[in-house]
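The primary structure of each chain is shown beneath.
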Amino acid sequence: MYVLGRDTDSAGGADTAGTSDASGTSDDGRLPTVRLGSFRARDGSAGAAVGLDADGPHAGVVFGKRGTGKSYTLGVIAEGLAANRGVAPVVIDPMGVFGGLRAVGGRVVEPRVRPAAIPPDAWPDLLSLDPAGGPGSLVWRVVADAFDAAGDGGSEQATGSPSLATLRERVDAADAPAADRRAAANHLRLAASWGVFDADAPPIARVAADGNPTVLDLAGAPEPAAAAVVRAVARALYDARIDGEIDRLPWLLVDEAHAFFGGVADPALRTLLTRGRAPGVSLVCATQRPGAVPSVAVSQADLVVAHRLTAERDRDRLAEAEASYLAGDLVSRLPTGTGEALVVDDATETAHTVRIRERRTPHGGGSPRASEAAAPKPEDPR
């Protein structure tokens, strides 16, 4: 199996010929590997098997316009990770399409995070308040004081995170104009209605404790609520590895990643992209809008998987992945068939066309069809 993301000089390197099952788990003691698919031969047939290194941390991006297979590919990676030891896949699922991972031992949860998981300076942005305005500055000050009172200045690991009700009480008691107190309290009530904040929620890092896939179901969650969860999870996994609280190497797989850059979740995602390798936290971002993700997502990625792209802005973002070791134009090599992808592998300094393997678990991202409706409409009697 040719293994992407693994140096050819390492044990079990890119040109290994060991046998493996459909998930990529080796039967001869070789390094953890995810079976991604197979090379596409010149005549269009399937060639040699292609895997993805799961032994070390990686930063990856999966690009593709709607319907070309990006979420499917993310599910293939999650399946393969589930079958390997020493790793823990955590999937951010904004569309509710990864529930099929239950078939490989996965669990689907509606995430709950402690208010202390969001730092004070991010709360005005989270609540769509101007941090320099009256209500926004009041929220910032009240949250900071409440976290300080809880100990450690507030953090996801803190044992005494204040509740949103406590924050509202502090707002009501603050020395501030009544209009500012009222606006701040109303925005905190709105945050409570999202249903993602719980002062008694267990530490987020526990989702990576046993290695089974954890799908964080954010379907239907408001954008700021989903962003709060992504920030809390990304930062918690990073801190847990830094502090030695979890032994497994977490893989955070984020679907529709463009929705989480540029907002509350952005700093935590950038931390994983730029500093995640040292503690062993991997990040894979999938998006149908590559042009909406920052350049750092491509520049820091050691693995780029590109399905079909047509928008000029999206193709320009892919072009940023071109390196001196690649000859020719990446965009011109993009595949046109569903389920096929151009893979740029920084470890081996190569680019290949790969046919993604079939999922072993149900995929919830397919498009519904009117022809598959349960019952036909009755004919008009006229």
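Note that the coordinates shown come from a computational prediction; the quantities given were computed from them, not determined experimentally.

Visitor: Honestly, the packing of aromatic side chains in this entry has me stumped. Any pointers?
Guide: Remark: the centre distance and the inter-plane angle together describe each pair of aromatic rings, the angle taken between the planes. In this structure the tally under the stated criterion is two aromatic pairs. On the numbers, 5.2 Å between centres and 35° between planes, the contact of Trp 123 with Phe 197 is tilted. Note that Trp 123 is positioned in helix H2 (residues 123-126) and Phe 197 in the loop between helix H5 (178-193) and strand S7 (214-217), a separation of 74 residues in sequence. Each member of the pair Trp 123 and Phe 197 is classed as buried. Its guanidinium or amino end placed over the ring of Tyr 72, Arg 359 lies 5.7 Å from that ring's centre, counting from NZ or CZ.

Visitor: It is not clear to me how the confidence of the model for the protein chain should be interpreted in this structure. Could you clarify?
Guide: Reading predicted coordinates in detail is not appropriate for stretches of low pLDDT. Here the protein chain averages 86 in pLDDT, while 84% of its residues score no lower than 70. Note on residues 10-28: pLDDT is under 50 here. Beyond four places in sequence and across chains, it has 48 contacts.

Visitor: Is there a simple way to explain helix H6 (residues 223-242) in this structure?
Guide: Residues spaced three or four apart along an α-helix face the same direction, because each turn holds 3.6 residues. An ideal rise of 1.5 Å per residue puts 28 Å on 20 residues; H6 measures up with 29 Å between its terminal C-alpha atoms. Counting buried residues in H6 gives 15 out of 20 residues, a clear majority hidden from the surface. Immediately downstream of H6, the backbone of Gly 244 shows phi near 70°, a positive value.

Visitor: Mind showing me how you'd approach empty space enclosed by the protein here?
Guide: Think of a ball as big as a water molecule: rolled over the atoms, this probe shows where empty space is left. Taken as a whole and judged by the stated rule, the model has two cavities of 30 Å³ or more. Its boundaries defined by the atoms lining it, the second largest cavity holds a volume of some 50 Å³. Looking at the second largest cavity, the residues that line it are Leu 52, His 58, Ala 59, Gly 60, Val 61, Val 62, Ile 77, Trp 251, Val 284, Leu 303 and Val 305. Among the elements of the structure, strand S4 (59-63) and strand S10 (303-306) are those that each provide at least two residues to the lining of the second largest cavity. Here the lining of the second largest cavity gets four residues from one element, more than from any other, and that element is S4. Each residue belonging to the lining of the second largest cavity can be placed in one class, and the counts come to nine nonpolar, two polar and no charged.

Visitor: Any chance you could explain the nonpolar core here in plain terms?
Guide: Soluble globular proteins tend to bury their nonpolar side chains together. Judged by nonpolar contacts, the single largest core of 83 residues is most densely connected at Trp 123, Phe 197 and Leu 252. When residues of this core are assigned to their parent elements, the largest contribution, 13 residues, is made by H6. The residues contacting Phe 197, other than those within four sequence positions of it, are Val 113, Arg 114, Pro 115, Ile 118, Trp 123, Leu 126, Leu 164, Ala 191 and Ala 228. Counting 30 residues, the second largest nonpolar core, distinct from the first, contains Tyr 2, Trp 251, Ala 341 and Ile 356.

Visitor: I tried to follow unusual backbone geometry on my own but got confused; where do I start?
Guide: The general pattern is negative phi for most residues beyond glycine and trans for most peptide bonds. Unlike most non-glycine residues, Ser 128 shows phi in positive territory, near 60°. Within the secondary structure, Ser 128 is located in the loop between H2 and helix H3 (134-150). Positioned with a positive phi, Glu 256 is a non-glycine residue whose angle comes to about 50°. Relative to the helices and strands, Glu 256 is located in the loop between strand S8 (249-254) and helix H7 (266-275). Glu 256 gets classed as buried once you look at its relative accessible area, which sits at 10%.

Cut-offs applied
- Residues numbered from 1 in each chain as written.
- Predicted model: local features only at pLDDT ≥ 70, side-chain atom pairs only at ≥ 80, totals over all residues.
- Heavy atoms only, no water.
- Phe/Tyr/Trp six-rings, centres within 6.5 Å; stacked < 30°, edge-to-face > 60°.
- Helix = DSSP H or I, 4+ residues; strand = E, 2+ residues; numbered from the N terminus.
- Buried < 20%, exposed > 50% of the residue type's maximum accessible area, 1.4 Å probe, protein only.
- Lys NZ or Arg CZ within 6 Å of the ring centre and 35° of its normal.
- pLDDT = per-residue confidence, 0-100.
- Contact = heavy atoms within 4.5 Å.
- Expected span 1.5 Å × (residues − 1).
- 1 Å grid on protein atoms, 1.4 Å probe; cavity = no way out; pocket = protein on both sides within 12 Å on 5 of 7 lines; lining within 4 Å.
- Points joined across faces, edges and corners; volume = space filled by probe spheres on them.
- Nonpolar A, V, L, I, M, F, W, Y, C, P; charged D, E, K, R; others polar.
- Core = buried A, V, L, I, M, F, W, Y, C linked by side-chain atoms within 4.5 Å.

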